[in-house]
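Below, each chain spelled out in residue letters.
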2 protein chains.
Amino acid sequence: MTYCVGIQVEQGLVLASDTRTSASFDDVRVYTKMHVFDFPGERSIVLMSAGNLGTSQAVMARLQRDIADNAHTNLRTPRHLFEVAEYVGQALVAAQAQVASNALQNGVNVESTLILGGQIAGEAPGLFLIYPLGNCIAASPETPYLQIGESKYGKPILDYLIAPSTSLEDAARCALLSLDSTIRSNVSVGLPIDLVLLRADDVKIGERMRLDADSKFYRDICDSWASKLADAVQRLPRFAWEPANTSTAQALPLAQRKPASYAEQQIGEGAAQQ
Amino acid sequence: MTYCVGIQVEQGLVLASDTRTSASFDDVRVYTKMHVFDFPGERSIVLMSAGNLGTSQAVMARLQRDIADNAHTNLRTPRHLFEVAEYVGQALVAAQAQVASNALQNGVNVESTLILGGQIAGEAPGLFLIYPLGNCIAASPETPYLQIGESKYGKPILDYLIAPSTSLEDAARCALLSLDSTIRSNVSVGLPIDLVLLRADDVKIGERMRLDADSKFYRDICDSWASKLADAVQRLPRFAWEPANTSTAQALPLAQRKPASYAEQQIGEGAAQQ
């Protein structure tokens, strides 16, 4: 599986994705699910993918080829980001159609789902979820984030904390916590994490980083979060029968961290599901 | 859907369940999913159910009848809690078998999954997850909680915080936060919450309560948690390009609470899934 999240706040966009791909429990690999098409000052587009890895790679190859060939429609031609999402949706449908009849026979799901975030000069930034059918929905002030893949574990932290007025950096921290929550609770989602920030009106990738277990910043965020959660639980209202909380209260023992990951394995038979 | 969680810590057991049952989006009702069989000093057993409501009710009716009839095997006869779980598993299989052939034809899933927590005098407390096949697994120090129903949203908070040495009351607060996380993020799980605490070696229900939106204690827990999370995010490590955090930092705007629930509806056609 996969977990990717895009957040749209007033200050811009945050996009974050894990990198674990698995065709089965004994066929687990690392692949980026974040694809950046940055033309500073003109347009900046980031795509994240969940689902069939072959389909996702076919779509990305097609998008790159269309740019290189200067095709009639490519990522650089639409005047509006919504049209870019439609064009990517068509490329997604085409990639799935190519293998659909064989896939059906073999019981393989070749569908992928994408998140597109970006900005075209002269427009506000935009964030879209592109479905396997090629249609798409946009983020909105009431729904300021979009998720694909294993989305349930990391949803509450976003529902608690994200609003359009959240700062871009706080939104990025929330995205990392949403990933950390998912990675702790589900072995099919794993480090490293790809993270991109696009500041509204910059029309370029603002910050881009890969965070792994040996990244001090990411480790500090996760450790600090775990201890702050434990501390927060300690300071919640007490049940009627409990004595009042005192400052000498014992710290809540932290649950052991789950084993960080299962090892990467050799390449399998091409049915890899991100 | 449903969300129920059982937590086993050294000090005892916590069991918590939501009460929303839905056969479809326009057939949503309130039913308890927590069934208490308390014989203080002898044995105390709590069952929670997810899945087909008809099956769950058939099981509970059978368990009550077997006690009333003083059947050869009933909840009060086994000497070990594991045997109680096996007996309940057999009752579950029987309830499903009764309607299975018709269900298959109608495409209705009649399976239920149960959590059993309790204690028999002379034994330590125990916590079991009983599968639709009638087999079961126990909680353990490495896996101190068990969930049924919509379990993903509320899992990270448990993975962050629950250890065998967690106090019973902190475990109960974590269970409520796990429910609150799920209720905020999924409309198929809803208030009120049933909560039971069993203190190790008491062999009786220690505390039992129903918490609803108008329960000040529950509202205080949820509101306090939301603001503590927002505060914790503010105090996480900063990105390299950010200025250092100052005490005058603006509070993170809290995301709007989701609409609390959809209204209860009239009774439908008996395919209700908890």
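For the structure, check the block above.
The structure reproduced in this document is the subject of the present report.

Calculation notes
- Think of each chain on its own: its residues are numbered from 1, step by step along the sequence as written.
- For naming, the first written chain is A and the first written ligand is 1, with later ones following in the order written.
- Since the coordinates come from a predicted model, pLDDT governs what is reported: local features require at least 70, and pairs of side-chain atoms require 80 or more to be given and counted, while whole-chain, interface and lining totals use all residues.
- Only hydrogens and water are removed before side-chain values are computed, so all heavy atoms of the structure are retained for them.
- In this analysis, strands are considered paired if DSSP registers two or more bridges between them.
- The numbering of helices and of strands both runs from the N terminus, where a helix is a DSSP run of H or I of at least 4 residues and a strand a run of E of at least 2.
- Geometry is summarised by axes, namely lines fitted to C-alpha atoms with helices restricted to the contacting stretch, and by angles between N-to-C directions that run from 0 to 180 degrees.
- Multiply 1.5 Å by the residue count of a helix minus one, and that product is the helix's expected span.
- Burial status follows relative accessibility: with a 1.4 Å probe on protein chains alone, a residue under 20% of its type maximum counts as buried, one over 50% as exposed, and anything between as partly exposed.
- Contacts were defined at the residue level, with two residues in contact if any of their heavy atoms lie within 4.5 Å.
- Each of two parts loses accessible area, computed with a 1.4 Å probe, when they are put together; buried area is these two losses added.
- Think of a salt bridge as a Lys or Arg side-chain nitrogen and an Asp or Glu carboxyl oxygen that are within 4 Å of each other.
- Each polar contact in these results corresponds to two N or O atoms within 3.5 Å; when the atoms are within protein, one needs to be able to donate a hydrogen and the other to accept it, and residues that are neighboring in sequence are counted only if both atoms are side-chain atoms.

### Section: the sheet that holds strand β10 (residues 145-149) of chain B
Residue and element names in this part refer to chain B. Strand order across the open sheet formed by five strands is β10-β1-β2-β11-β12, with antiparallel pairing between neighbours. Each edge of the open sheet is held by one strand with a lone partner, namely β10 and β12 (207-211). Across the sheet, the mean angle separating the axes of adjacent strands is 10° when strand polarity is ignored. Taken together, the six bridges between strand β2 (residues 12-17) and strand β11 (residues 193-199) define a ladder with antiparallel strand orientation. Opposite A16, over in β11, you have L195 as the bridge partner.

### Considering helix α4 (residues 168-185) of chain B
Between the first and last C-alpha of α4 of chain B there are 26 Å, a value that for 18 residues agrees with the 26 Å anticipated at 1.5 Å per step. Counting buried positions along α4 of chain B yields 18 of 18 residues, so the element is predominantly enclosed.

### Considerations on the interface of chain B and chain A
Taken together, the contact pairs 55 residues of chain B with 55 residues of chain A. Summing both partners gives a buried area of about 5,000 Å² for chain B against chain A, and 66% of it is carried by carbon and sulfur. Together, Y160, F239 and W241 of chain B form the three largest contributors to the area buried by chain B at its contact with chain A, with a combined 16%. One can count four salt bridges joining chain B with chain A. Of the charged contacts, one joins E242 of chain B and R173 of chain A as a salt bridge, the two residues approaching to 2.7 Å between their closest N and O atoms. Linking chain B with chain A are 18 residue pairs in polar contact (both at pLDDT 80 or more). Contributions of two or more residues to the side of chain B that touches chain A are made by α3 (155-161), α4, β11, β12 and α5 (216-234) of chain B. A per-element tally of the side of chain B that touches chain A places α5 of chain B first, with twelve residues.

### Comments concerning the sheet that holds strand β6 (residues 43-51) of chain B
Residue and element names in this part refer to chain B. Ordered in space as β5-β6-β7-β8-β9, the five strands form an open sheet in which the pairing is antiparallel. If you trace the sheet from one side to the other, it starts and ends with β5 (34-39) and β9 (136-138), each paired once. When the angles between neighbouring strand axes are averaged without regard to direction, this sheet yields 15°. In the sheet, strand β7 (residues 112-120) pairs with strand β8 (residues 126-130) via five bridges, with the strands oriented antiparallel. Among the inter-strand pairings, G118 is bridged to a residue of β8, identified as G126. Set on the sheet, helix α1 (residues 53-68) makes contact with β5, β6 and β7; between it and β5 the angle comes to about 15°. Lying over the sheet, helix α2 (residues 81-106) contacts β6, β7, β8 and β9, oriented at roughly 155° with respect to β7.

Note that every value here comes from positions in space, so none of it alone points to a role or purpose.
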